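Read off the chains here:
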Amino acid sequence: MSKPVVLLAEQLSPATVEALGPDFDVRTVDGTDRPALFDALADAHAVLVRSATKMDEEAISHAPNLKVIARAGVGLDNVDIKAATTAGVMVVNAPTSNIISAAELTCGHIISLARNIPAANASLAAGAWKRSSFTGVELYEKTLGVIGLGRIGALVAARMQGFGMRLVAYDPYVTAARAQQLGVELLTLDELVEQADFLTIHMPKTPETTGMIGAEQLKAMKSTAYVVNVARGGLIDEEALTEALAAGEIAGAGIDVFTSEPPADTSLTAQPRAVVTPHLGASTSEAQEKAGVSVAKSVKLALEGDLVPDAVNVAGGVIDPFVRPGIDLVERLGQVFSGIAHGALTSLEVDVRGELADYDVSVYKLAALKGILTSVVSEKVSYVNAPVLAEQRGIETRLTVEHESPEFRNLTTLTGTLADGTVLSVAGTLAGTRMVQKLVGINGYELDAPLAAHHLVMIYTDRPGIVAVYAEQFGEKGINIDALQVARSINDEALSVVTVDSRVPDEVVEAIGDAIDARIIRQIEIVED
């Protein structure tokens, strides 16, 4: 019987091939040579790539036997995940391979800024000896502000403690107990910006976090302060940062990532107060080797028919076909939960009822965590790292399964307790033969709403005419309402879920909340992989 064919489309470490073992027919091809790649894909069961090989819909169409696309790294810009999923091809990457490298680069930027190392090197290399021009500052007893205490942020904090720095952080999803364990004081974002001598950001890039350090925050910083971004381009407003550096509002910046790469506008990279690097976060031999070995192990699991926890899509594995449609539902419920939560989650219960009780639904717990954490952490959240990320944040998770489900053939409810004791819940079902995703409950309010990409959830005092008030606000702003659900009143309060076809501008959300005197108004955005 012939061995499964594993195609290496780019140069990978010997350790990657060794990790695959002897049970596969390992072949190589130059992935940038499209005709050669297409020919080689004809027999391939798995393909391993870095960043140069494009596994788009056309390439996937030439691979009738393909089961796995493995990206030996974090980013997946060169892999068409939608096309792969449609073709039943699993996509895996190495989401934790670069965390140490990224953390160390962050520390390197901090030290370089403090001691003017790049500028001093350039000056001396040009033949000048200007010691007095490069007087720096000590890190000892300075305040390091960390925005985002995920895996990389926590690693940076631990390393900079060795310099005797005071550590403060902003992360609304980290509990006080976890922060204390890390030796970090939790602050509001405004407090952190004002107190930090060095500020480093480690957040996922979402509509809420894009530009979260902008002109207002930069003006509030000390004139002697420095900012560092080795996470995602655009978390710091590049135009505002350029202006702040030019005006001397802050002392300097260390930037490894940019909104456009390579940057089309050199205004920021040309700033003498900026230390810039060309996206080197994962550019170490160790990170590259870890990435290759990690995806090699995933490929082995997939080709052996096992569930691959770090698959970034849901194709493949040994999940029962009856269970599989619910994975996306539960992940979306997790994103809804995260959207209505106002603080750190400490415990989560995933309750599955109805016909699904006869099947192994353990993957639903992973899907719930993945959905909740997607907009919380800077790392790419997958089924392999979601439990680890939850454990790091002190989140206790359990799964309960019951046959009894009086109202629905299947019902999944996520119930979570926040750090302040608040208990929140969201519930969903797959309806009809087409398995349509429905949001059927939020915090005890009964609903029958489609689970779409964009929702506004509002809780307000129940009284006549409220729907007309916010409908008028939507109409004036030219925002189309796709669907509207008003739940029954609880304790004289009503809940509305408004489904819209695009993101609602923040100022409009605020105006609607003011117009109806909403106790709670949240924008829910479902992020697709």
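Keep in mind that what you see is a predicted model, and the values were worked out from it rather than measured.

Asker: Any chance you could explain the sheet that holds strand 20 (residues 481-486) here in plain terms?
Answerer: Note: strands within a sheet are paired through backbone hydrogen bonds, in either parallel or antiparallel orientation. If you walk across this open sheet you meet the 4 strands as 20-21-19-22, and the pairing is antiparallel. Taken across any chain shown, the strands that pair with only one partner, and hence form the sheet edges, are strand 20 and strand 22 (520-525). Pairwise comparison of adjacent strand axes, ignoring direction, gives a mean angle of 15° for this sheet. Across 8 bridges, strand 19 (residues 454-461) lies against strand 21 (residues 493-500) in antiparallel orientation.

Asker: What should I look at first to understand the sheet that holds strand 2 (residues 25-28) in this one?
Answerer: Taking strand neighbours across the sheet as the criterion, the 5 strands line up as 2-1-3-4-5 in an open arrangement whose pairing is parallel. Whereas interior strands pair on both sides, the edge strands pair on one side only; in this sheet they are strand 2 and strand 5 (90-92). Neighbour-to-neighbour, the strand axes of the sheet open up by a mean angle of 20°, direction not taken into account. In the sheet, strand 1 (residues 5-8) pairs with strand 2 via 4 bridges, with the strands oriented parallel. When the sheet's bridge partners are listed, Val5 is paired in strand 2 with Asp25. In this fold helix 12 (residues 285-303) packs onto strand 1, strand 3 (46-49), strand 4 (68-71) and strand 5, with an angle of close to 170° to the strand it touches most, strand 4.

Asker: Before we go on, may I ask you to explain the layout of surface pockets in this structure?
Answerer: In this approach, a probe sized like a water molecule rolls over the atoms, and the result shows the empty space that is left. Roughly 1500 Å³ of internal volume is contained in the largest pocket. Lining the largest pocket are 50 residues, and of these Val74, Gly75, Leu76, Asp77 and Arg232 lie nearest its centre. Of all the secondary structure elements, the ones that give two or more residues to the lining of the largest pocket are helix 5 (99-115) and helix 12. Its volume calculated, the second largest pocket comes out at about 840 Å³. Contributing to the lining of the second largest pocket are 28 residues, with Tyr173, Thr206, Glu208, Gly339 and Ser375 lying nearest its centre. Elements with a contribution of two residues or more to the lining of the second largest pocket: helix 13 (324-340), helix 17 (506-516) and strand 22. For the lining of the second largest pocket, the residue count by class is 13 nonpolar, 11 polar and 4 charged.

Asker: I would appreciate a short explanation of unusual backbone geometry in the present structure.
Answerer: A negative phi angle is the norm for most residues apart from glycine, just as the trans form is the norm for most peptide bonds. Residue Glu261 is joined to Pro262 through a cis peptide bond whose omega torsion reads -5°. Structurally, Pro262 is set in the loop between strand 11 (252-255) and strand 12 (274-276). One non-glycine residue with positive phi stands out, namely Glu141, at about 65°. Locating Glu141 in the fold gives a position in the loop between helix 6 (117-125) and strand 6 (143-147).

Asker: What am I meant to see in the packing of aromatic side chains here?
Answerer: What describes a pair of aromatic rings is the distance from one ring centre to the other and the angle between the planes of the rings. Following the criterion strictly, the structure yields 3 aromatic pairs and no others. Taking the centre distance of 4.9 Å and the plane angle of 15° together, the rings of Phe198 and Tyr226 count as stacked. Of this pair, Phe198 sits in strand 9 (residues 198-201) while Tyr226 sits in strand 10 (residues 226-229), and the two are 28 residues apart along the sequence. We classify Phe198 as buried; its relative accessible area is 1%. Centroid distance Tyr470 to Phe474: 6.5 Å. Interplanar angle 90°. Geometry classified as edge-to-face. Of this pair, Tyr470 and Phe474 are both found in helix 16 (residues 466-476), 4 residues apart, which corresponds to roughly one turn of the helix. By the burial criterion, Tyr470 is buried, and Phe474 matches it.

Asker: How should the nonpolar core be read in this particular structure?
Answerer: Soluble, globular proteins show a tendency: their nonpolar side chains are buried together. With 47 residues, the main nonpolar core has Leu348, Tyr364, Leu414, Val426, Ile442 and Leu495 as its most contacted residues. Excluding residues within four positions of it along the chain, Ile442 makes contact with Ile340, Ser425, Val426, Leu447, Val457, Leu495 and Val497.

Criteria and cut-off values
Residues numbered from 1 in each chain as written. Predicted model: local features only at pLDDT ≥ 70, side-chain atom pairs only at ≥ 80, totals over all residues. Heavy atoms only, no water. Pairing = 2+ DSSP bridges. Helix = DSSP H or I, 4+ residues; strand = E, 2+ residues; numbered from the N terminus. Axes fitted to C-alpha atoms, helices over the stretch in contact; angles between N-to-C directions. Contact = heavy atoms within 4.5 Å. 1 Å grid on protein atoms, 1.4 Å probe; cavity = no way out; pocket = protein on both sides within 12 Å on 5 of 7 lines; lining within 4 Å. Points joined across faces, edges and corners; volume = space filled by probe spheres on them. Nonpolar A, V, L, I, M, F, W, Y, C, P; charged D, E, K, R; others polar. Phe/Tyr/Trp six-rings, centres within 6.5 Å; stacked < 30°, edge-to-face > 60°. Buried < 20%, exposed > 50% of the residue type's maximum accessible area, 1.4 Å probe, protein only. Core = buried A, V, L, I, M, F, W, Y, C linked by side-chain atoms within 4.5 Å.

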